[in-house]
Amino acid sequence: ASTLRQQLPARLAYVEAQGELKVPFKDALPTREEQLSTLRNTEEFDVLVVGGGATGSGCALDAVTRNLKTALVERSDFSSGTSSRSTKLIHGGVRYLQKAIMKLDYEQYMMVKEALHERANLLNIAPHLSAPLPIMLPVYKWWQLPYYWAGIKMYDLVAGSQCLKSSYVLSKSKALELFPMLKKDKLVGAIVYYDGQHNDARMNLAIALTAARHGAAIANYTEVVHLLKKPDPKTGQEKVCGAHCRDIITGQEFDVRARCVINATGPFTDSLRKMDNQKTANICQPSAGVHIVIPGYYSPDNMGLLDPATSDGRVIFFLPWEKMTVAGTTDTPTEVTAHPIPVEDDINFILSEVRNYLSPDVEVRRGDVLAAWSGIRPLVTDPNSKDTQSICRNHIVNISDSGLITIAGGKWTTYRSMAEETLDTAIKAHNLSAGPSRTVGLMLDGGKDWTPTLYIRLVQDYGLENEVAQHLAATYGGRAFEVAKMAQVTGKRWPIVGKRLVSEFPYIESEVQYAVKEYACTVIDVIARRTRLGFLNVQAADEALPRIVEIMGNELQWTEQKKKEELEAAKKYLHLEMGYKARSEQLSKTTEISLTAPEIARYKKRFYKFDKESKGFITTVDVQQVLEKLSIQIDENALHEILNEVDLNKNGQVELDEFLQLMSAVQRGQISDSRLAILMKTVEEGLDLRGPVSVDRSGGGV
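Values in this document were obtained by computation on a predicted structure and should not be read as measured data.

### Looking at the overall build of the chain
Okay, step 1: Of the regular secondary structure elements, the chain holds 26 helices and 20 strands.
Okay, step 2: A compact globule built from 702 residues would reach a C-alpha radius of gyration of about 27 Å, and the chain, at 28 Å, matches this within 12%.
Okay, step 3: For the chain, the spread of C-alpha atoms along the three principal axes comes to 105 × 65 × 55 Å.
Okay, step 4: Sequence-distant contacts in the chain: of pairs separated by 6 or more residues, those separated by 24 or more amount to 73%.
Okay, step 5: With the model as given, the accessible surface of the chain reaches about 30800 Å², and the carbon-plus-sulfur share is 53%.

Pasting the structure below:
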């Protein structure tokens with residue numbers, strides 16, 4: 001049956017699946033309270049999935065579409081772990097194919113083949129969230145051209161009829177035309193191949209919501225306190241029969257009983273296995289992958305770059321994503337934590353690799369890093385391997401003595417086939433009555449009604465800005481109309497509806513209201529996963545926080561104390577997990593001021609244009625007085641924020657030393673887009689243009 005299903009085009013499978021499946025919550029999802037009530041009051045589920053990442057959500061969707069009574073609990077938010085911190089690629093794994101050929105490794109070859117089949121399926125079932133992306137592999141040595149070309153052609157060949165588009169070779173001039181910021185010296189040519197790209201957190205959410213629409217009881221912020229067990233009537237052996245859970249938001253505890261429990265907790269695989277049996281050996285070897293986000297002008301709009309051999313043998317991708325550029329990833333052994341923090345060494349490693357590939361005209365500055373994050377890959381340990389890079393990215397499905405089923409390892413692209421294999425194993429081991437998997441070709445939430453021109457209808461029907469409409473269509477698919485209906489009238493001539501959260505991003509206020517319907521419980525859920533603002537620009541996300549807190553507070557009836565806590569938690573998240581800390585430390589670490597004497601004199605002169613009384617520091621009042629002279633108006637709160645970025649000792653004023661440190665860091669490229677530096681330079685130029693003001697004009701003098 002599985003061979004036949006792979007031969008049939010996904011569309012046929014989709015027609016067949018849709019014909020047989022009932023969708024009880026097609027129009028409106030049950031609320032989180034209703035979901036929790038179902039979890040509490042159902043006598044026994046067939047399947048309880050622990051973990052709401054891509055694999056866990058995939059297992060829940062696979063189970064519920066086989067008509068199994070399904071529950072899913074997630075300790076944090078859906079996709080809050082590794083599934084939202086990926087390279088955003090849906091790929092077969094070019095380098096695994098290289099290993100398969102070099103080492104004649106059939107297992108790696110089959111893994112690539114399966115991933116390419118899954119890549120085609122994922123692009124088909126969520127067309128709004130995913131698309132093919134051309135990736136360029138620049139070649140700097142003549143002998144590498146045929147070598148890489150043969151490897152990439154092999155990749156196309158393995159994909160067969162599911163090849164997205166055929167790879168091709170480019171001359172040096174054509175490569176520079178497509179990727180003008182590429183280093184020209186010694187460039188021989190380039191090879192372009194295609195992989196898929198997606199919005200990973202939204203894709204994960206779409207899988208979970210699709211499971212909920214089909215009748216699965218799913219709940220985020222619900223942790224497993226301990227597993228429930230009962231003796232097997234035949235053998236007397238203890239068997240897992242559910243879990244004792246706690247709703248983290250209310251503190252309520254309850255039992256969820258199920259015939260089968262699936263452990264899909266990613267990096268936390270071993271902690272749930274140890275809940276089952278304290279003596280069990282660890283099978284997960286976590287590895288940290290750091291990514292950075294830099295401005296969109298670092299890469300062309302629609303082409304990525306692959307660095308196949310970095311200085312230490314790792315592979316670095318450099319990809320356009322959500323109008324920004326994502327660069328990564330690193331691969332270092334790490335400890336398991338729910339809050340991984342990107343470290344400065346990894347950020348600088350990625351930046352130096354990016355510099356190696358870009359033209360010397362492009363200054364790659366540390367200050368251009370707008371956000372950085374670290375994700376923990378749940379690699380399955382091979383006892384014989386020496387380092388995490390050589391561990392096969394494949395997965396294992398394991399059944400413990402008590403019947404707990406664990407799915408561990410694997411990668412984003414193959415979440416669906418991993419879920420299918422896990423459910424096949426569970427059905428067999430626990431004697432559940434269910435047919436074969438129906439998820440090949442099963443459209444995900446929002447995908448069915450999406451068309452490439454859907455955004456035009458949003459512009460015409462609702463009066464949304466073009467950029468906002470494109471964003472809504474690419475995020476919510478056919479459900480974008482629900483978000484547009486909730487959008488407030490702006491009162492302007494254009495756009496008619498849709499007030500942005502921050503001016504330079506297309507996220508609008510009604511998305512926050514809609515996020516609550518999609519089970520968002522905290523402000524972090526909104527900035528990190530319902531929208532991707534925190535992943536794209538930490539400062540912009542920080543600016544949007546007060547408004548998001550206000551909207552969510554109204555939707556969820558938060559007290560003033562709760563609003564304050566949410567704001568603090570979100571600020572802490574941006575500071576630690578999204579790289580704000582690493583960014584701000586750039587300034588405080590540069591205690592030595594590497595400026596020449598003329599430069600110091602120039603900057604002192606600029607500083608004293610604001611510090612009229614030679615106090616040695618400036619405050620918002622000083623800056624405001626100078627701005628008034630030039631008839632420039634800046635909101636007092638905004639001005640306070642601008643100074644606060646540079647005020648290292650947080651005493652409400654910027655000292656001369658702090659200002660010189662800032663200018664030194666700006667010159668070295670460790671800080672970019674410093675609002676204070678740009679404002680003071682502009683004001684200085686404005687004052688110089690006006691020339692000296694006569695004493696008579698100023699009304700006399702002392």
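The structure having been displayed, the exposition proceeds.
### Brief notes about the pairing of strand 12 (residues 304-307)
Okay, step 1: Neither face of strand 12 is left uncovered, since the one carrying Gly304 and Leu306 and the one carrying Leu305 and Asp307 both have all their residues buried.
Okay, step 2: As paired elements, strand 4 (residues 130-139) and strand 12 share two bridges and run parallel to each other. Bridging across to strand 12, methionine 136 finds its partner in leucine 305.
Okay, step 3: Note that strand 12 and strand 13 (residues 316-321) share three bridges and pair antiparallel. Pairing of aspartate 307 across the sheet is with isoleucine 316, part of strand 13.

### A look at the confidence of the model for the chain
Okay, step 1: For the chain, the average pLDDT comes to 88, and 91% of its residues sit at 70 or higher.
Okay, step 2: In the predicted structure, residues 1-17 sits below a pLDDT of 50 and forms 17 contacts with residues beyond four places in sequence or in another chain.
Okay, step 3: Scored below 50 in pLDDT, residues 692-702 makes two contacts in the model with residues more than four places away or belonging to other chains.

### A few points about the domain arrangement of the chain
Okay, step 1: Domain boundaries in the chain define domain 1 (32-84 + 202-281 + 384-430), domain 2 (131-197 + 286-378), domain 3 (453-585) and domain 4 (591-688).
Okay, step 2: The gap between the C-alpha centroids of domain 3 and domain 4 is 32 Å.

### A word on the layout of surface pockets
Okay, step 1: Roughly 1100 Å³ of volume is contained in the second largest pocket.
Okay, step 2: In this structure, the second largest pocket is lined by 37 residues; those nearest its centre are His128, Glu322, Lys323, Gln470 and Ala474.
Okay, step 3: Where the lining of the second largest pocket is concerned, the elements lending two or more residues are strand 4, strand 6 (189-198), strand 13, strand 14 (324-328) and helix 14 (466-476).
Okay, step 4: At six residues, helix 14 tops the list of elements feeding residues into the lining of the second largest pocket.
Okay, step 5: Taken together, the residues that form the lining of the second largest pocket break down as 19 nonpolar, 13 polar and five charged.
Okay, step 6: Each of domain 2 (131-197 + 286-378) and domain 3 (453-585) accounts for three or more of the residues forming the lining of the second largest pocket.

### Focus: empty space enclosed by the protein
Okay, step 1: Inspection of the entire model under this criterion finds seven cavities of 30 Å³ or more.
Okay, step 2: Here the largest cavity defines a volume of roughly 70 Å³.
Okay, step 3: Residue lining of the largest cavity: His128, Leu129, Arg202, Leu205, Ala206, Leu209, Asp445, Thr475, Tyr476, Arg479, Tyr514 and Glu518, and that is the complete set.
Okay, step 4: Counting residues per element, the lining of the largest cavity draws most heavily on helix 9 (residues 200-213), at four residues.
Okay, step 5: The class makeup of the residues in the lining of the largest cavity is six nonpolar, two polar and four charged.
Okay, step 6: The residue makeup of the lining of the largest cavity includes at least three contributed by each of domain 1 (32-84 + 202-281 + 384-430) and domain 3 (453-585).
Okay, step 7: As a volume, the second largest cavity reaches approximately 60 Å³.
Okay, step 8: Considering the residues around the second largest cavity, the lining is formed by Leu305, Leu306, Asp307, Ile316, Phe318, Glu353, Val354 and Tyr357.
Okay, step 9: Breaking the lining of the second largest cavity down by element, the ones donating at least two residues are strand 12, strand 13 and helix 11 (344-357).

### Examining the state of the cysteines
Okay, step 1: Taken as a whole, this structure holds zero disulfides when the rule is applied.
Okay, step 2: Lacking any disulfide linkage, cysteine 59 is separated from the closest cysteine sulfur, that of cysteine 260, by 9.4 Å.
Okay, step 3: We note that cysteine 245 lacks a disulfide partner, and the nearest cysteine sulfur, in cysteine 241, lies 12 Å from it.

### Quick look at helix 19 (residues 538-556)
Okay, step 1: The terminal C-alpha atoms of helix 19 lie 25 Å apart, and with 19 residues this matches the ideal 27 Å at 1.5 Å per residue to within 8%.
Okay, step 2: Helix geometry: helix 19 is bent most strongly at leucine 545, by close to 45°, with proline proline 546 lying one to four residues after it.
Okay, step 3: Capping of helix 19 at its N-terminal end is provided by asparagine 537; its side-chain oxygen lies 3.1 Å from the backbone amide nitrogen of glutamine 539.
Okay, step 4: Among the residues trailing helix 19, glutamine 557 stands out with phi positive, at a value near 50°.

### Quick word on the pattern of salt bridges
Okay, step 1: Under the criterion given, the structure shown has 39 salt bridges.
Okay, step 2: One salt bridge connects arginine 246 with glutamate 223, and the closest N-O pair in it is separated by 2.4 Å. Linking arginine 246 in strand 9 (residues 238-247) with glutamate 223 in strand 8 (residues 222-231), this pair joins segments that are 23 residues apart in sequence.
Okay, step 3: The exposure class assigned to arginine 246 is partly exposed, which follows from its relative accessible area of 27%.
Okay, step 4: The partner of glutamate 685 in a salt bridge is lysine 681, with the nearest N and O atoms 3.4 Å apart. Note that glutamate 685 and lysine 681 are positioned in helix 26 (residues 675-690) at a spacing of four residues, about one turn of the helix.
Okay, step 5: The network of salt bridges with common partners includes Asp77, Asp525, Arg529 and Arg530.

Procedures and definitions
Residues numbered from 1 in each chain as written. Predicted model: local features only at pLDDT ≥ 70, side-chain atom pairs only at ≥ 80, totals over all residues. Heavy atoms only, no water. Helix = DSSP H or I, 4+ residues; strand = E, 2+ residues; numbered from the N terminus. Rg over C-alpha atoms; globule rule 2.2 N^0.38 Å. Contact = heavy atoms within 4.5 Å. Areas by Shrake-Rupley, 256 points an atom, 1.4 Å probe, with all protein chains shown as cover. Buried < 20%, exposed > 50% of the residue type's maximum accessible area, 1.4 Å probe, protein only. Pairing = 2+ DSSP bridges. pLDDT = per-residue confidence, 0-100. Domains from an automatic or database assignment. 1 Å grid on protein atoms, 1.4 Å probe; cavity = no way out; pocket = protein on both sides within 12 Å on 5 of 7 lines; lining within 4 Å. Points joined across faces, edges and corners; volume = space filled by probe spheres on them. Nonpolar A, V, L, I, M, F, W, Y, C, P; charged D, E, K, R; others polar. Disulfide = S-S within 2.5 Å. Expected span 1.5 Å × (residues − 1). Bend = angle between axes of the 7 residues up to and from the residue. Polar contact = N/O pair within 3.5 Å; in protein donor to acceptor, adjacent residues only side chain to side chain. Salt bridge = Lys/Arg side-chain N within 4 Å of Asp/Glu carboxyl O.

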